[in-house]
Amino acid sequence: MSDSIPMPRVRVATTSLAGCFGCHMSFLDMDERLLDLAKVVEFDRSPLTDIKHCGPCDIGLIEGGVCNAENVHVLREFRRNCKTLVAVGACAINGGLPAQRNHLDLGDCLQQVYVKRDGVEDGGVPDDPELPLLLDRVHPIHEVVRVDYFIPGCPPSGDAIWTFLTDLIGGRTPRLPHPLLHFD
Ligand code: SF4
């Protein structure tokens, strides 16, 4: 019988705010390394689990910017519960593609999409009370909460996410070598 003491696994939560899930796809691009990760990581809220609210975690990975009231709520919940919060990808870091609407009037945008678009008849802007309230602009997450680390890219590669996580979990300050930095 082994006399080694099992180490507690690192608890990790992930979520997508105003993002396209491409950064989560990159996470899956770690391929078979996910099996190694699973030996040291336990997932809290993430697309891999059915957990609805983030509990106390060591690491929170955020994809996407902040475009509505629900995004603000989820982001604050992650910040409250995660010792280390990481902005993953361009949308979380600077708003990314969704932030292109920041140059336009929000009301005009909604009218264009739901009312005036070719082929739309009797359209109307959705106003179900359960829909989260849109913010007038899309914010990078550091404008709402304190962020500890940023992994650039659209999306960052699976190699970049692997390098970052293994450094962080291993107790080293994460440093991405230049070939792993993507801005395209
Ligand atoms: Fe998608 Fe790129 Fe935004 Fe990631 S950074 S959520 S891949 S658009």
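Numbers given to residues run from 1 along each chain, matching the order in which its sequence is written. Thresholds applied to this predicted model are a pLDDT of at least 70 for local features of residues and 80 or more for the giving and counting of side-chain atom pairs; totals over whole chains, interfaces and linings are not thresholded and use all residues. For the side-chain quantities, the full set of heavy atoms in the structure was used; hydrogens and water were omitted.

Draft legend 1. Layout of the sheet that holds strand 5 (residues 82-88). Strand order in the open sheet formed by 5 strands is 2-1-3-5-7, with parallel pairing between adjacent strands. Among the strands making up the open sheet, the edge pair consists of strand 2 (41-43) and strand 7 (149-151). Adjacent strand axes in the sheet meet at a mean angle of 30°, parallel and antiparallel pairs treated alike. Any two strands with at least two DSSP bridges between them are considered paired. Think of it this way: any DSSP run of H or I at least four residues long counts as a helix, any run of E at least two long counts as a strand, and we number them from the N terminus. In this sheet, strand 5 lies alongside strand 3 (residues 57-63) in parallel orientation, the contact comprising 6 bridges. Bridge pairing in strand 5 links Glu63 to Val88. Of the strands in this sheet, strand 1 (10-16), strand 3 and strand 5 touch helix 3 (residues 69-81), which is tilted by about 135° from strand 5. Any two residues whose heavy atoms approach within 4.5 Å are treated as being in contact. Between the N-to-C directions of two axes lies an angle of 0 to 180 degrees, each axis being a line fitted to C-alpha atoms and, for a helix, fitted only over the stretch in contact. Together, strand 1, strand 2, strand 3, strand 5 and strand 7 form the strand contacts of helix 6 (residues 158-169), whose direction differs from that of strand 3 by roughly 160°.

Draft legend 2. The UniProt feature "domain: NADH:ubiquinone oxidoreductase-like 20kDa subunit" (unreviewed entry) in the protein, seen in detail. Under the feature "domain: NADH:ubiquinone oxidoreductase-like 20kDa subunit" (unreviewed entry), the UniProt entry names residues 20-167. In residues 20-167, the share of helix is 36% and the share of strand is 20%. The end C-alpha atoms are 26 Å apart. UniProt positions are given in the numbering used here, feature names are shortened, and annotations may be inferred rather than shown by experiment.

Draft legend 3. Representation of the site of the ligand in the model. For this description, a residue counts as near a given molecule or strand if any of its non-hydrogen atoms is within 4 Å of it. Neighbouring residues of the ligand: Gly19, Cys20, Gly22, Cys23, Glu63, Gly89, Ala90, Cys91, Gly153, Cys154 and Pro155. A pocket here means an open set of points on a 1 Å grid, computed over the protein atoms alone, that has protein on both sides within 12 Å along at least five of seven lines. A cavity is instead a set of points where a 1.4 Å probe fits but cannot get out; residues with an atom within 4 Å of a point line either one. In this description, a molecule resides in a pocket or cavity if more than half of its atoms sit within 2 Å of the grid points defining it. The cavity where the ligand resides is the second largest pocket. Looking at the shell around the ligand, the elements that each hand over two or more residues are helix 1 (22-28) and helix 4 (90-94). Split into classes, the residues belonging to the shell around the ligand amount to 6 nonpolar, 4 polar and 1 charged. The residue classification treats Ala, Val, Leu, Ile, Met, Phe, Trp, Tyr, Cys and Pro as nonpolar and Asp, Glu, Lys and Arg as charged. All others, Gly included, are polar.

Draft legend 4. Seen up close, the packing of helix 2 (residues 33-40) against helix 6. Their axes nearest at 12 Å, the elements helix 2 and helix 6 cross at an angle of 25°. In terms of their interaxial angle, helix 2 and helix 6 are classed as roughly parallel. When the axes of helix 2 and helix 6 are compared, the crossing they make is left-handed. Across the interface between the two elements, Arg33, Asp36, Leu37 and Val40 from helix 2 touch Gly158, Asp159, Trp162, Leu165 and Ile169 from helix 6. In terms of residue class, the contact of helix 2 with helix 6 is built from 5 nonpolar, 1 polar and 3 charged. Comment on the angle field: the value is read as roughly parallel under 35 degrees, roughly antiparallel over 145, roughly perpendicular from 65 to 115, and oblique elsewhere. Here is the rule for handedness: rotate from the far helix to the near one, and if that takes an anticlockwise turn smaller than a right angle the crossing is left-handed, while a clockwise turn gives right-handed.

Draft legend 5. How the structure looks around unusual backbone geometry. For the bond running from Cys154 to Pro155, omega is -5°, close enough to zero to count as cis. Mapped onto the elements of the fold, Pro155 is located in the loop between strand 7 and helix 6. Of note, Phe21 is a non-glycine position whose phi angle comes to about 70°, a positive value. Residue position: Phe21 is located in the loop between strand 1 and helix 1. Residue classification places Phe21 among the partly exposed residues on the basis of a relative accessible area of 38%. We call a residue buried when its accessible area falls under 20% of the maximum for its residue type, exposed when it is over 50%, and partly exposed in between, using a 1.4 Å probe and counting protein chains only.

Draft legend 6. Just the layout of surface pockets, in detail. Grid points are joined across faces, edges and corners, and a volume is the space filled by probe spheres set on the points. Of the voids in this model, the largest pocket is the one considered here, and its volume is about 430 Å³. Lining the largest pocket we find 13 residues, and of these Leu106, Leu110, Tyr114, Val125 and Leu134 sit closest to its centre. Top contributing element to the lining of the largest pocket by residue count: helix 5 (residues 106-116), with 6 residues. Tallied by class, residues from the lining of the largest pocket come to 11 nonpolar, 1 polar and 1 charged. By volume, the second largest pocket is sized at about 150 Å³. Gly19, Cys20, Phe21, Gly22, Cys23, Glu63, Ala90, Cys91, Leu97, Pro98, Cys154 and Pro155 are the residues that line the second largest pocket. Taken together, the residues of the lining of the second largest pocket break down into 9 nonpolar, 2 polar and 1 charged.

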